[in-house]
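# Breakdown of the fold
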Amino acid sequence: HDKRQDLHNEEAELAAQTRRWKHSGNQGLCTQLRMARLNLLMCVLDIETESLGKGHPTVGFTLLKKGSLHLEMVHVDMAIKDTRDAVEILKIGLGGVHPEVGLALIRLGDIYNYHLGRYGDNQNVALSLYEEALFPLRSSFGKANPHLGIAFNCIGILNSSMGDTK
């Protein structure tokens, strides 16, 4: 058991507490819990970067967690930055056809689509991310799999919302 894993476990416990308190209406406590989780993830990233290198896939997975937390905190710009950085790390560390790359691209597309879709060119950005996710998902799982279905569904919904019904 190492320090890094202990910090991940502590963050997971705080995430569970956040979910429990979220429905109680105690937003102040939820904010404190989220800030504590963010601190823990930043410590984990420091340890991982120092011990494994900043391009290691483990760093990418921690950045995905941090991006999700930023999204939970409605820090959309930080969520995009962390998730984009994670995608790049995963592409290099795991290879461009790894399924985790495809799933991370869907996650990034979702941020653009559901949190910024009404503004500027974000729907097109989301669409290109979903399309980019198709290759690693198809390469890894074959032509019939639920992850590929999610990507195609997102593409279809976006195309329809932009007026393209082909």
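Residues numbered from 1 in each chain as written. Predicted model: local features only at pLDDT ≥ 70, side-chain atom pairs only at ≥ 80, totals over all residues. Heavy atoms only, no water.

### Section: the overall build of the protein chain
Within the protein chain, the regular secondary structure consists of seven helices and zero strands. Each helix and strand of the protein chain, ordered N terminal to C terminal, gives the series α-α-α-α-α-α-α. The C-alpha atoms of the protein chain give 17 Å as radius of gyration, which agrees with the globular expectation for 166 residues (15 Å, within 12%). Across its three principal axes, the protein chain shows a C-alpha extent of roughly 50 × 40 × 30 Å. Out of the 166 residues in the protein chain, the part that is buried amounts to 40%. Across the protein chain, the fraction of contacts at a sequence separation of at least 24, relative to all contacts at a separation of at least 6, is 59%. With 18 positive and 19 negative side-chain charges, the protein chain shows a separation of 4 Å between the mean positions of the two kinds. (Helix = DSSP H or I, 4+ residues; strand = E, 2+ residues; numbered from the N terminus. Rg over C-alpha atoms; globule rule 2.2 N^0.38 Å. Buried < 20%, exposed > 50% of the residue type's maximum accessible area, 1.4 Å probe, protein only. Contact = heavy atoms within 4.5 Å. Lys, Arg positive; Asp, Glu negative; His and termini not counted. Charge placed at Lys NZ, Arg CZ, Asp CG, Glu CD.)

### Observations concerning helix α3 (residues 57-72)
End to end, α3 covers 23 Å across 16 residues, agreeing with the expected 22 Å (1.5 Å per residue, within 8%). Buried within α3 are the following residues: P57, V59, G60, T62, L63, L64, K66, G67, L69 and H70. Elements in contact with the buried residues of α3: α1 (3-22), α2 (27-52), α4 (76-94) and α5 (99-116). (Expected span 1.5 Å × (residues − 1).)

### Remarks on the environment of I155
If you trace the backbone, I155 turns up in helix α7 (residues 146-161). We classify I155 as buried; its relative accessible area is 9%. For the pair I155 and G102, spaced 53 residues apart in sequence, the C-alpha separation works out to 14 Å. Setting aside anything within four residues of it in sequence, one finds I155 in contact with L127, Y130, E131 and L134.

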